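# Structural overview
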Amino acid sequence: MEPAWRADGDGGLGGGPAPELDVHATGTAAVTLPGLTAGGCALLVFVSEHCPTSALALRRLGPLCAAWAHAGLTAIAIFEDPLDVAIRTARRLGWTGQVAAQEPPYPASRAYRLATVPTAVLVGRDGLVAGAVVGWDRRAVAGLLGEAAARLGAGLPVPPEEGPLTKPGCSSKAAIDPDLVAAMSADGGGDDLEEMFERGWTDGLPVIPPTAERVAAMLGGRDGGESLGLVPPAMGEATLARVAACAVLAGCRPAYFPVVAAAARAVLDPAFNLHGQAVTTQPAGQLVVVNGPVREAIGLNSGMGALGPGFRANLTIGRAVRLLVSLTGGAMPGAMDRATLGQMGKLGFCVAEDEEGSPWEPLHVERGFAAGRSVVTVIGSDAPLSISDHRSRTPEDLAYVLAWAAASAWSTNWWPLAEPSVYVICPEHAQMFRAAGWTKQRLREFMFDAVRKPARLLLRGETTPAVHAADPGTLVPKWASPEAIVLLVAGGEAGRYSAVLGPCTGMGSRIVSREVESRGG
Amino acid sequence: MAADYVSPFDERVRAAEPLAPRPAGVAGRRVVLLDIRKNRGAEFLDRVEALLTAGGAATARVTKEIFSKPAALGLIDEIASGGGLVVEALAD
């Protein structure tokens, strides 16, 4: 079959030597034609992110690359875009071959005298161009692969006969006047906020572009190359620079960065099992609780509206952590984040405890830190459920109401829960326990004892093996132990609304705390 | 010149591992069955194991610590050295 060779309209390279590639890729080794053709043949697929026909070609050819590689045909997608855009686009479209990129003025595209993307060029081991296909032409691509198969003496899979069988390509950027290219890619030439969406650097809301200057300011002289570990599920490396980029994207001020970094270290502790939380069908989010002097220093709100909007530090710190998980870690909803419903706390959820208004030792002290230290604690948790109680006049009544509000956390019948339910006790409710002299432990044990049901009442629908094994009259507690009840204090002075956040269950996930870095004391 | 951004992505590309050759049959092969501890996954593996055994395969069962965490490296080594074929039970 005759390949449709007309990369530049005059067939200038057909049968001639293939120009060496001036491109860059992620590995340390340079991309060279001898390297690409070492197995037998190379298929160079020139593409551009914004070209729908390029996307079509990548999607149709991408799944075949591994089989081609087995037979000796190395496929490489050569983008006329920055490398990060190239990698993301290739990944999104299911391209499994190699990826390379070229910057203006697109030397590889110029060397091959491209007028159009996509253009697929077949290069033999002899370094000669064996044929090419311009735009998308399924039959011509099959012919080109037939030529490769004949040279390799092996069968090569071809793209399925699905429409569209042909589709015109887009202009190669190398074929556009250099001045025009410069104008198209210049600062201010585009909408940088829209560009963030195009790059996929978002959680669905507008973000602050992470320019090198902003990231440097966020880092504040810290070593951006320092690694905090790998972020599951995609195991992207959380360099401090990437954590800072996420903090910029989220809208953090540089003063927040020590808290973001501490939270990042905490969620990356294997005991937290971020891997399971990030990909689960559960709605699990990563609740970030902040204690200590840093709350006031950076303006974290622990008062009125403590779980709601209005305060930059609360909203952006939690968001930075979630962006780290979804971007560096690859857990984007609908991709590796498989949450059935999700919940708004997965945009980010950062709570500061009202230590001054609390009758009890704050969370970080309970967890073994000195009161004067600033500490971040992360907890895998569900969305908050508000608990209204304006009428209780004894601590026992109030504790009973608070405790039973959690009866449906996770499930009405999946008892007992080993994982924590997090209570945010409002100041008016806290005051009742303070006046009665209740310690935190007393409240916790009262609540634990209060919520029990006979096993026979828990037998409908999904329930636990423990319930199935129990005598029908045996009282089963909601929680496996009092320690599964976490108590914080936060909120406005007026109003008797506390809240409970259900658990992330079945993950073996532990609560993890990390001290916030303190510079200069 | 476009703005110089710091990407939140780890841009390194991992080379795709080629799939191992698919077996023509299971007779005489050793098959490792991985129970990831998802609810009722063991029942699925019981059925698969019966079919494999009927087909002439020898089977071995291994279990992950918990379904929501990656398998321990030691377990992966055990699987890799324990048989030529693997079946993993995923969900409830």
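Above this text you will find the structure in question.
This report concerns the structure included in the present document. (Residues numbered from 1 in each chain as written. Chains lettered and ligands numbered in written order. Predicted model: local features only at pLDDT ≥ 70, side-chain atom pairs only at ≥ 80, totals over all residues.)

### Some thoughts on the pairing of strand β11 (residues 236-239) of chain A
All names here are of chain A. Note that strand β10 (residues 227-231) and β11 share three bridges and pair antiparallel. For Leu230, the partnering residue across the bridge sits in β11 and is Glu237. Where β10 folds back on β11, the antiparallel hairpin that results is connected by four residues, among which Met235 adopts a positive phi of roughly 60 degrees. (Pairing = 2+ DSSP bridges. Helix = DSSP H or I, 4+ residues; strand = E, 2+ residues; numbered from the N terminus.)

### Notes on the nonpolar core
Residue and element names in this part refer to chain A. Ala247, Val260, Ala263 and Leu488 are the most contacted members of the largest nonpolar core, which totals 104 residues. No other element matches helix α10 (residues 240-250), which puts 10 residues into this core. Counting residues in hydrophobic clusters, the runner-up holds 59 residues, among them Ala25, Phe46, Leu56 and Ala101. (Core = buried A, V, L, I, M, F, W, Y, C linked by C-beta atoms within 7 Å. Buried ≥ 20, exposed ≤ 12 C-beta atoms within 10 Å, placed from the backbone.)

### Observations regarding unusual backbone geometry
With the exception of glycine, most residues fall at negative phi, and the peptide bonds are largely trans. In this chain, Gly163(A) is followed by Pro164(A) through a cis amide linkage whose omega measures -5 degrees. Geometrically, the link from Pro232(A) to Pro233(A) is a cis peptide bond, its omega value of 5 degrees lying close to zero. By the secondary structure assignment, Pro233(A) is in the loop between β10 and β11. A positive phi angle is found at Trp410(A), which is not glycine, with a value near 70 degrees. One can find Trp410(A) in the loop between α16 (395-405) and β15 (421-425). A positive phi angle, near 75 degrees, is found at Arg37(B), a position not held by glycine. Looking at where Arg37(B) falls in the secondary structure, it is placed in the loop between β1 (30-35) and α1 (41-54). Classification of Arg37(B) by C-beta neighbours within 10 Å gives partly exposed; the count is 16.

### Points about the interface of chain A and chain B
Between chain A and chain B, the residue contacts involve 37 residues of the former and 20 residues of the latter. Of all the elements in the fold, those that place two or more residues in the side of chain A that touches chain B are α3 (65-71), α4 (83-93), α9 (212-219), β11, α10, α12 (274-279) and α14 (312-328) of chain A. Residue contributions to the side of chain A that touches chain B peak at five residues, all from α10(A). For the side of chain A that touches chain B, the residue count by class is 18 nonpolar, 13 polar and six charged. (Contact = placed C-beta atoms within 7 Å. Nonpolar A, V, L, I, M, F, W, Y, C, P; charged D, E, K, R; others polar.)

### Description of the sheet that holds strand β2 (residues 73-79) of chain A
Within a beta sheet, neighbouring strands are joined by backbone hydrogen bonds and run either parallel or antiparallel to one another. Residues and elements named next belong to chain A. Across the sheet, five strands lie side by side as β3-β2-β1-β5-β6; this open sheet has mixed pairing. Each edge of the open sheet carries a strand with a single partner, namely β3 (98-101) and β6 (129-134). The mean angle between the axes of side-by-side strands here comes to 20 degrees, regardless of whether they run parallel or antiparallel. Note that strand β5 (residues 119-124) and β6 share five bridges and pair antiparallel. The residue bridging Leu122 from the neighbouring strand is Gly131, located in β6. (Axes fitted to C-alpha atoms, helices over the stretch in contact; angles between N-to-C directions.)

### With respect to the pairing of strand β1 (residues 41-47) of chain A
In regular strands, side chains alternate between the two faces of the sheet. Residues and elements named next belong to chain A. With seven of seven residues buried, β1 is to be regarded as a mostly interior element. In terms of strand pairing, β1 meets β2 through seven bridges, oriented parallel. Its bridge partner being in β2, Ala42 is matched across the sheet by Thr74. Two strands pair when backbone bridges link them, and β1 and β5 are joined in this way by six bridges, in the antiparallel orientation. Paired with Val45 across the strands is Ala120, a residue of β5.

All quantities given are derived from atomic positions and should not be read as evidence of function.
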